[in-house]
Amino acid sequence: MKPPPPPATDATVEDVLPGEAAVAAAARRSLDGHSRGARRVWPFLGPAFIAAVAYIDPGNFATNIAGGAKFGYLLLWVVLSANLVAMLVQTQSAKLGIATGKNLAELCREAFSRRTSIGLWLQAEVVAMATDIAEVVGAALGLNLLFGIPLFPAGLIAGAGAFAILALQQMGFRRLEAAVTALVGVVVASFAFVLLNAGPDGGEVARHLVVPGFAGTESILLATGIIGATVMPHVVYLHSALTQRRIVGRDAEERRRILRFEKIDVVVAMSLAGVVNISMMVIAAALFHGSGLVGIDSIDGAYEGLKSLVSGNAATVFGVALLASGFASSSVGTMAGQVVMQGFIQRRIPIFVRRAVTLAPALVVLGLGLDPTDALVGSQVVLSFGIPFALVPLLMIAAKREVMGSLVNPRWLTGVAGVLAAMIIGLNVFLLQQVFFG
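Parameters and conventions
Residues numbered from 1 in each chain as written. Predicted model: local features only at pLDDT ≥ 70, side-chain atom pairs only at ≥ 80, totals over all residues. Heavy atoms only, no water. Helix = DSSP H or I, 4+ residues; strand = E, 2+ residues; numbered from the N terminus. Rg over C-alpha atoms; globule rule 2.2 N^0.38 Å. Buried < 20%, exposed > 50% of the residue type's maximum accessible area, 1.4 Å probe, protein only. Contact = heavy atoms within 4.5 Å. Areas by Shrake-Rupley, 256 points an atom, 1.4 Å probe, with all protein chains shown as cover. Lys, Arg positive; Asp, Glu negative; His and termini not counted. Charge placed at Lys NZ, Arg CZ, Asp CG, Glu CD. 1 Å grid on protein atoms, 1.4 Å probe; cavity = no way out; pocket = protein on both sides within 12 Å on 5 of 7 lines; lining within 4 Å. Points joined across faces, edges and corners; volume = space filled by probe spheres on them. Nonpolar A, V, L, I, M, F, W, Y, C, P; charged D, E, K, R; others polar. Axes fitted to C-alpha atoms, helices over the stretch in contact; angles between N-to-C directions. Parallel < 35°, antiparallel > 145°, perpendicular 65-115°, else oblique. pLDDT = per-residue confidence, 0-100. Core = buried A, V, L, I, M, F, W, Y, C linked by side-chain atoms within 4.5 Å. Phe/Tyr/Trp six-rings, centres within 6.5 Å; stacked < 30°, edge-to-face > 60°. Polar contact = N/O pair within 3.5 Å; in protein donor to acceptor, adjacent residues only side chain to side chain. Patch = residues over 30% accessible without salt bridge, like charges linked within 9 Å, V, L, I, M, F, W, Y side chains within 5 Å. Salt bridge = Lys/Arg side-chain N within 4 Å of Asp/Glu carboxyl O. Left-handed = near helix turned anticlockwise from the far one by under 90°.

Digging into the overall build of the chain
A count of helices and strands for the chain gives 19 helices and zero strands. Its C-alpha atoms give the chain a radius of gyration of 21 Å, near enough to 22 Å, the size a compact globule of 438 residues would have. Viewed in the frame of its principal axes, the chain has a C-alpha envelope of about 60 × 50 × 45 Å. Expressed as a percentage of its 438 residues, the buried residues of the chain come to 58%. Counting contacts in the chain only where the partners sit at least 6 residues apart, residues at least 24 apart contribute 84% of the total. Surface accessibility of the chain: about 16,600 Å² in total, with carbon and sulfur atoms responsible for 66%. Charged side chains of the chain number 31 positive and 26 negative; the gap between the two group centres comes to 11 Å.

A short note on the environment of Leu96
With respect to the helices and strands, the residue Leu96 is situated in helix 5 (residues 76–100). The sequence separation of Leu96 and Leu407 amounts to 311 residues, and the corresponding C-alpha distance is 8.5 Å. Ignoring any residue separated from it by four or fewer positions in sequence, one finds Leu96 in contact with Gly101, Lys102, Leu104, Leu107, Ser240, Leu394, Ile397, Ala398 and Met404.

Describing empty space enclosed by the protein
For the structure shown, the criterion picks out seven cavities of 30 Å³ or more. For the largest cavity, the calculated volume is near 180 Å³. Residue lining of the largest cavity: 15 residues in total, with Asn60, Ala82, Ile226, Thr230 and Asn277 positioned closest to the centre. Sorting the residues of the lining of the largest cavity by element identifies helix 4 (58–71), helix 5 and helix 11 (217–228) as the ones contributing at least two each. Of the residues contributing to the lining of the largest cavity, the split by class is six nonpolar, nine polar and no charged.

Comments concerning the packing of helix 14 (residues 299–309) against helix 15 (residues 312–345)
Between two packed helices, both the angle of their axes relative to each other and the distance between the axes serve to describe the pair. Packing of helix 14 against helix 15 brings their axes to within 7 Å, and their N-to-C directions diverge by 150 degrees. On the basis of the axis angle, helix 14 is roughly antiparallel to helix 15. Contact residues: Ile299, Ala302, Tyr303, Leu306 and Lys307 in helix 14; Gly312, Ala314, Ala315, Thr316, Phe318 and Leu322 in helix 15. For the contact of helix 14 with helix 15, a count of residues per class yields eight nonpolar, two polar and one charged.

Topic: the confidence of the model for the chain
Counting all residues, the mean pLDDT for the chain is 88, and 94% of those residues have values of 70 or more. Across residues 1–18 the pLDDT falls below 50, and counting only partners more than four positions away or on other chains, this stretch makes 45 contacts in the model.

Thoughts on the nonpolar core
Residues Leu75, Phe191, Phe288, Ile299 and Phe318 are the most contacted members of the largest nonpolar core, which totals 98 residues. When residues in this core are grouped by element, the largest group, 15 residues, is from helix 13 (residues 252–289). Residues within four places of Leu75 in sequence aside, it is in contact with Gly213, Phe214, Ser219, Leu222, Ala223 and Met281. The next biggest cluster of nonpolar side chains, apart from the first, holds 40 residues, and it includes Val41, Val89, Ala105 and Ile258.

Topic: the packing of aromatic side chains
Overall, the coordinates contain seven aromatic pairs when judged by the stated rule. Look at Phe44 and Phe261: their rings are 4.3 Å apart centre to centre, the planes differ by 15 degrees, and that puts the pair in the stacked class. With a gap of 217 residues between them, Phe44 in the loop between helix 2 (38–41) and helix 3 (47–52) and Phe261 in helix 13 connect regions that are remote in the sequence. On the accessibility criterion, Phe44 (2% relative accessible area) is buried.

Overview of the environment of Leu431
Its location among the elements puts Leu431 in helix 19 (residues 411–437). For the pair formed by Leu431 and Leu104, sequence separation is 327 residues and the distance between their alpha carbons is 26 Å. With residues up to four places along the chain from it excluded, the contact list for Leu431 reads Leu221, Thr224 and Gly225.

Remarks on the side chain of Gln338
Mapping Gln338 onto the fold places it in helix 15. Side chain to side chain, Gln338 and Arg354 meet in a polar contact 3.5 Å long.

A few points about a negative patch on the surface
Taken together, the side chains of Asp297, Asp300, Glu304, Asp371 and Asp374 make up a negatively charged region of the molecular surface. Mapped onto the elements, Asp374 comes out in helix 17 (residues 372–398).

Points about the packing of helix 5 against helix 10 (residues 202–210)
It is at 6 Å that the axes of helix 5 and helix 10 come closest, and there the two elements cross at 55 degrees. Taken together, helix 5 and helix 10 sit at an angle that is classed as oblique. In this structure, the crossing between helix 5 and helix 10 has a hand that is right-handed. Packed against helix 5, whose contacting residues are Leu76, Trp77 and Leu80, the element helix 10 presents Val205, His208 and Leu209 at the interface.

Some words on the layout of surface pockets
Taken as a whole, the largest pocket holds about 560 Å³ of empty space. Taken together, 23 residues form the lining of the largest pocket, with Thr63, Leu222, Gly225, Val377 and Leu431 sitting closest to its centre. Only helix 4, helix 11, helix 17 and helix 19 provide two or more residues apiece to the lining of the largest pocket. Within the lining of the largest pocket, the residues separate by chemical class into 12 nonpolar, seven polar and four charged.

Quick look at a nonpolar patch on the surface
On the surface, Phe385, Val435, Phe436 and Phe437 cluster together into a nonpolar patch covering about 470 Å² of accessible area. Among the elements that line the nonpolar patch, the one with the most residues is helix 19, at three residues. Tracing the sequence through the fold places Phe436 in helix 19.

Rendered as structure tokens:
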């Protein structure tokens, strides 16, 4: 049997995201069979939408745009495959919280030695700072493109925006979820608008979504970057925390039902993230590759390209999407860092203090005048180092019946997930080797 949930004194996501009685009551009605249709599902939606932000953060913009500009629609199948892997990983993380009442960081602390836990915590903090660089720099670049604000002041504004979003936690879990989901909606709507103006070849899009293909070594390297950057370490920790105490199952059957609802949440949220990433590449393929602008590999280059090839409105909408992505992902990164600290070392600091500390490296990057796109790429390299330290413990713990109870992974799922994890880790090792020695 699964051990009972941790006592209320343990650090949980409730310390970061206060729950709301209305959501819990609605979820209880659903579990008791008193709700039908969409009303039965809605109380369980939200955690995956917060997690999905990591898959459409500014770090994804440059890679997808470069892929489309250089190789047209060729690598769309890679984006689709990466999104399917993301669904599996985030489902595993969510299941961990539902099954155990604990998050991944807490379970790592219990499963490993103190020295190992401290090491995992320190590398996770480095990853959190690298994540923040990508997100704050992306939001600052959006402000720069839209309003001409210099990058350093724009970074300060981006940090203030993240503070404002995080302040919503004081008013309840659902409000924060709604704000982050609204920002995701802005990103989705923005790319839908630009996509309609890009006029892509529907037949080519459909074909390359399902037909694998490469065009030389450079396309393989870019595909490696797309797949290798799929799993964001910080959001693997966070998703387990978002589900650990949000809606607690009273027995094994209820936990299985909660997991089924959470799978819907993951599929819907990750599908939206996948549509955004596919749209990025399709837009770049239709506009830049089709016009011979194959050298566009930066966000500001894409902005100028949209302005010249489509319209100023299209470029503005693209900038709005970048800004919304940066604000949302920066807030999510801060929440993930708080969960990591609470879980690994049972310590916490006020979340606004953490926001200020993790903001500092991004402001240093902007203050030194480093190229924003180079900073984004560099942050993704650091994130690559952190992937094994989140993914391997996740799959190890999910395979333990004494921890997971009835929601333990069956052997076939452990095998499939293990192969995919090995592939992701191998691709990241290859990518790092290319960056430093290639």
